[in-house]
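Descriptive structure summary
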Amino acid sequence: MQAEELKDLVVKALEEVKAQDISVIDVRDRTSVTDFMVLASGTSNRHVKSLADSVVVEAKEQGVRASNVEGAAASDWILVDLGDVVVHVMMPATREFYDLERFWRDAPDLGVAGSE
């Protein structure tokens, strides 16, 4: 699966479970680690876990295995590494505190999607 298709699959999986403030950042010209970073917020620790689980399940159904999932025990911030796409699902306060978007400010922002 191409990086663009995987990014779209991740966004769809997040939208289906009502993720908030979905943001996609194109980091292809900034790092060799991944092509896209997808950030999303959940409304509770349980919601954050459900969002991450949805991404893992949808990717697996399409033959893409998550190489690593970090933070599932705490559930304030879960990182799902799908290779070409890295997904950060966080509680709003955690997302605001770490402000990952700030680190990639110069990268092309592909917009915001998802529930308001």
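Residues numbered from 1 in each chain as written. Predicted model: local features only at pLDDT ≥ 70, side-chain atom pairs only at ≥ 80, totals over all residues. Heavy atoms only, no water.

- With an unreviewed UniProt entry as reference, the chain is termed Ribosomal silencing factor RsfS, source organism Marinobacter pelagius.
- Under the UniProt heading Subcellular location (unreviewed entry), the entry covering the chain gives this text: "Cytoplasm".
- Recorded under Sequence similarities (unreviewed entry), the UniProt text for the chain is reproduced unchanged: "Belongs to the Iojap/RsfS family." (UniProt positions renumbered as here; feature names shortened; annotations may be inferred.)

Examining the overall build of the chain
- Scanning the chain from N- to C-terminus turns up four helices and six strands.
- Along its sequence from the N terminus, the chain presents helices and strands in the succession α-β-β-α-β-β-β-α-α-β.
- Across the 116 residues that make up the chain, the buried fraction comes to 40%.
- A separation of at least 24 residues holds for 61% of the contacts in the chain among residues at least 6 apart in sequence.
- Carbon and sulfur atoms make up 47% of the accessible area of the chain, which totals about 6400 Å². (Helix = DSSP H or I, 4+ residues; strand = E, 2+ residues; numbered from the N terminus. Buried < 20%, exposed > 50% of the residue type's maximum accessible area, 1.4 Å probe, protein only. Contact = heavy atoms within 4.5 Å. Areas by Shrake-Rupley, 256 points an atom, 1.4 Å probe, with all protein chains shown as cover.)

Focus on the environment of Pro 92
- By secondary structure assignment, the location of Pro 92 is in helix α3 (residues 92-98).
- Residue Pro 92 is classed as partly exposed on the basis of its relative accessible area of 38%.
- Setting aside its immediate chain neighbours within four residues, Pro 92 contacts Ser 41 and Gly 42.

Describing the packing of helix α1 (residues 3-16) against helix α2 (residues 45-61)
- Contact geometry for α1 and α2: axes closest at 9 Å, N-to-C directions at 135°. Compared by their axis directions, α1 and α2 come out oblique. Remark: the crossing between α1 and α2 carries right-handed chirality. Residues Leu 9, Val 10, Ala 13, Leu 14 and Glu 16 of α1 lie in contact with α2, whose contacting residues are Leu 51, Ser 54, Val 55, Glu 58 and Ala 59.
- Considering only residue class, the contact of α1 with α2 consists of seven nonpolar, one polar and two charged. (Axes fitted to C-alpha atoms, helices over the stretch in contact; angles between N-to-C directions. Parallel < 35°, antiparallel > 145°, perpendicular 65-115°, else oblique. Left-handed = near helix turned anticlockwise from the far one by under 90°. Nonpolar A, V, L, I, M, F, W, Y, C, P; charged D, E, K, R; others polar.)

Details of the packing of aromatic side chains
- In this structure the tally under the stated criterion is two aromatic pairs.
- When the centroid spacing of 4.9 Å and the interplanar angle of 50° are considered together, the rings of Trp 77 and Tyr 98 count as tilted. With Trp 77 in strand β4 (residues 77-81) and Tyr 98 in helix α3, this pair connects stretches of sequence that are 21 residues apart.
- Assessed through its relative accessible area of 26%, Trp 77 is described here as partly exposed. (Phe/Tyr/Trp six-rings, centres within 6.5 Å; stacked < 30°, edge-to-face > 60°.)

Here's the deal with the nonpolar core
- In terms of nonpolar packing, the biggest core is built from 26 residues, with Val 10, Leu 14, Val 38, Val 55, Leu 82 and Val 87 touching the most fellow members.
- Among the elements that take part in this core, α1 stands out by supplying seven residues, more than any other.
- Filtering out sequence-adjacent residues up to four positions away, Val 87 remains in contact with Val 10, Leu 14, Val 38, Val 55, Ile 78, Leu 79, Val 80 and Leu 82. (Core = buried A, V, L, I, M, F, W, Y, C linked by side-chain atoms within 4.5 Å.)

Brief notes about α1
- Given a rise of 1.5 Å per residue, 14 residues ought to cover 20 Å, and the 20 Å separating the end C-alpha atoms of α1 matches this to within 8%.
- The positive-phi residue at the C-terminal boundary of α1 is Lys 18, with phi of around 65°. (Expected span 1.5 Å × (residues − 1).)

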